[in-house]
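Descriptive structure summary
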Amino acid sequence: MSENFDVVVIGGGPGGYVAAIRCAQLGLNTVCIDKQTNAKGASSLGGTCLNVGCIPSKALLDSSEQFHKLNHQFAAHGIHAQSVSIDVEKMQSRKNGIVKSLTSGIAQLFKANKVKFIHGTAKVVADHTVTVVNSDGELTDTFTAQHIILAPGSTPVELKSMPFNHNTIVDSTGALNFDRVPERIGIIGAGVIGLELGSVWNRLGADVIILEAMDKFLAAADPQVSKEAARQFKKQGLDIRLGAMVQSVKEESGKVTLTYTKGDSEHQEVVDRVIVAVGRRPATDGLLSSDCGVITDDRGFIEVDDDCRTSIENVWAVGDAVRGPMLAHKSSEEGVAVAERIAGGHGHVDFNTVPWVIYTAPEIAWVGKTEAELKEEGIEFKSGSFPFAATGRAKAMEEPIGFVKVVADKNTDRILGVHMVGPHVSELISECVLAMEFRASSEDLARTIHAHPTLSEAVHEAALAVEKRAIHKVG
Ligand code: FAD
Ligand code: AMP
């Protein structure tokens, strides 16, 4: 079928589907093309995030955290349980049910907003034209459009020295689908994905070794946050080895041997499963014909300016396939901003206030700059921190772990960054994002009433601590 649209969106993940809905809300005739399929081979909107990323990982993190608490934390409340066991099949079917309900929810949102959806693989060819092929490679549609939004997302990096066999050597998708708890797991990479998936299977009883090439743990985070997180992960039994560069992975009779170097010495570990979590790369293979004019860099990222404009007029690109953090909310905000720009508005994304969250226990979250970054930029700052152990709510929850740190400009007092490790900080960070978005000072936060008793009081007290006037802190 050949048809003309105001906007063709390629990719139905949080970048693409959100852009498509916003375009339709703004009165633009929009089609979204996505190739993702579920286990039954049917279309499944929502991209990496809903199908094999944010949502299934959080479902498993939640199940495994409940199990861990029942085994290790409930006794402190006087609750004793015997014969606690985990039914992995049930846990996985709960997760799959959540994914199904959310992915089909996107299809309903498309219907409600009159976004046309096409299941297939799209390619941008010359003259603002997009072709679509089905799973047999047959051409099914040709669309022309005033605007094209590229949101193809990303896929796991596969290294030549450790190819996936999708059984004993897996990527993040494989690690979300284990049908039983492996005895011993080796994870390559202590990034967000390695830590989250390592936490899931460690809590369920696996011995987990995480091998990380870098010498620093969570180098992008505030060093005090990383230190506290590392301390807590060690207590939980996660064996994180830094400066450990994995050289090869070899399977023999169902067991996998990992060979890694640490300094000058070579080491080996034998495990039942290996999760390769060494990063993600843009999913742009085959997306662009050589004559379409859209430029990618040598790693396959689509080149865009700050407003997501590619090298070709009226062709835009958002999300994991362009510069910036590979985060679902960053993709969605770019999608909304592009839709608004297409409709003649003033879309805006503040890249300085993108929140980062790691959903381990304790959770880790931050927004803005770290003290190290500010030092490097020569910006004078002051900071205040406050421990959750000094809040009544964290104690009542039996989770008095971690702290909040507020960093503000030394001269203007404007908040430049907030860093947290502790219970539910994934939720607490939003207040700080909003404060930074409104250019708040630490005094603004300090003068804001926070309900008692809540975890948010740690944010309040950290803001007070910037001027050394926290109430519930000794010293
Ligand atoms: P994607 O979600 O990757 O969507 C792209 C879609 O486009 C896919 O459906 C793909 O099949 C389709 N597509 C690609 N090429 C074509 C083509 N040529 N034709 C048709 N369709 C095409 N981020 C967070 O913010 N929070 C989290 O907690 C979080 N957890 C994660 C956990 C895991 C295990 C993983 C792997 C990722 C996680 N992420 C998380 C990252 C998040 O999933 C991505 O940042 C987000 O999905 C990117 O959105 P996107 O729309 O750019 O791309
Ligand atoms: P992220 O990009 O946040 O998902 O993290 C991936 C992590 O994997 C990074 O911290 C890398 O340093 C790490 N990494 C990449 N290759 C290797 C390797 N061969 N051995 C150990 N760690 C690795």
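Residues numbered from 1 in each chain as written. Chains lettered and ligands numbered in written order. Predicted model: local features only at pLDDT ≥ 70, side-chain atom pairs only at ≥ 80, totals over all residues. Heavy atoms only, no water.

Attention now goes to the environment of Ala283. In this fold, Ala283 is placed in the loop between β16 (280–282) and β17 (315–317). Owing to a relative accessible area of 21%, Ala283 belongs among the partly exposed residues under this scheme. Not counting chain neighbours up to four residues away, the residues in contact with Ala283 comprise Pro152, Gly153, Ser154 and Thr155. (Helix = DSSP H or I, 4+ residues; strand = E, 2+ residues; numbered from the N terminus. Buried < 20%, exposed > 50% of the residue type's maximum accessible area, 1.4 Å probe, protein only. Contact = heavy atoms within 4.5 Å.)

Take the packing of aromatic side chains next. Tallying each qualifying case throughout the model produces five aromatic pairs. Ring geometry for Phe110 and Phe117: centres 6.3 Å apart, planes at 50°, overall tilted. Residue class for Phe110 comes out buried when judged on its relative accessible area of 2%. Residue class for Phe117 comes out partly exposed when judged on its relative accessible area of 26%. When the ring of Phe217 is compared with that of Phe233, the centres are 6.2 Å apart and the planes differ by 90°; the resulting orientation is edge-to-face. Here Phe233 lies in helix α7 (residues 223–235) and Phe217 lies in the loop between β10 (207–212) and α7, a separation of 16 residues in the sequence. Accessibility expressed as a relative area gives 0% for Phe233, which makes it buried. A cation over an aromatic ring shows up here: Arg273 above the ring of Phe178, its NZ or CZ 5.7 Å from the ring centre. (Phe/Tyr/Trp six-rings, centres within 6.5 Å; stacked < 30°, edge-to-face > 60°. Lys NZ or Arg CZ within 6 Å of the ring centre and 35° of its normal.)

What follows concerns the sheet that holds strand β13 (residues 255–262). A sheet is described by the order of its strands in space; here three strands give the open sequence β12-β13-β14, paired in antiparallel fashion. Looking at strand neighbours, the two that pair on one side only are β12 (244–252) and β14 (265–271), the edges of this open sheet. Along the sheet, successive strands turn relative to each other by an average axial angle of 20°, direction set aside. Where β13 lies against β14, seven bridges are found, and the strand directions are antiparallel. From the neighbouring strand, Lys262 faces β14, where its bridge partner is Ser265. (Pairing = 2+ DSSP bridges. Axes fitted to C-alpha atoms, helices over the stretch in contact; angles between N-to-C directions.)

As a further point, take the domain arrangement of the chain. Under the domain assignment used here, the chain contains domain 1 (2–156 + 281–349), domain 2 (169–278) and domain 3 (354–465). Put simply, the middle of domain 1 and the middle of domain 2, counted by C-alpha atoms, are 28 Å apart. Facing the 17 residues of domain 1 at the interface are 15 residues of domain 2. Summed over both sides, the interface of domain 1 with domain 2 buries roughly 1400 Å², with 67% coming from carbon and sulfur. Among the residues domain 1 hides against domain 2, the three largest losses belong to Val52, Leu61 and Val88. Together they make up 30% of the total. Applying the counting rule to domain 1 against domain 2 returns one salt bridge. (Domains from an automatic or database assignment. Buried area = accessible area lost by both parts, 1.4 Å probe. Salt bridge = Lys/Arg side-chain N within 4 Å of Asp/Glu carboxyl O.)

Compared with an ideal rise of 1.5 Å per residue, which puts 19 residues at 27 Å, helix α3 (residues 54–72) spans 26 Å between its outermost C-alpha atoms and is within 8% of the ideal. Among the structural elements, α2 (47–52), α4 (88–113) and α6 (192–203) are those in contact with the buried residues of α3. (Expected span 1.5 Å × (residues − 1).)

This part is about the site of ligand 2. For ligand 2, the set of nearby residues contains 13 residues, the closest of which are Gly189, Glu212, Ala213, Ala244 and Val246. A distance of 3.1 Å is found between a nitrogen atom of ligand 2 and a backbone nitrogen or oxygen belonging to Ala213. Contact distances for ligand 2 include 3.0 Å between a nitrogen atom and a backbone N or O atom of Val246. Protein burial of ligand 2: of its 510 Å² of free accessible surface, 71% is covered by the chains. Within the residue set of the shell around ligand 2, elements represented by two or more residues are β10 and β12. The element contributing the most residues to the shell around ligand 2 is β12, with three residues. (Near = heavy atom within 4 Å. Polar contact = N/O pair within 3.5 Å; in protein donor to acceptor, adjacent residues only side chain to side chain. Areas by Shrake-Rupley, 256 points an atom, 1.4 Å probe, with all protein chains shown as cover.)

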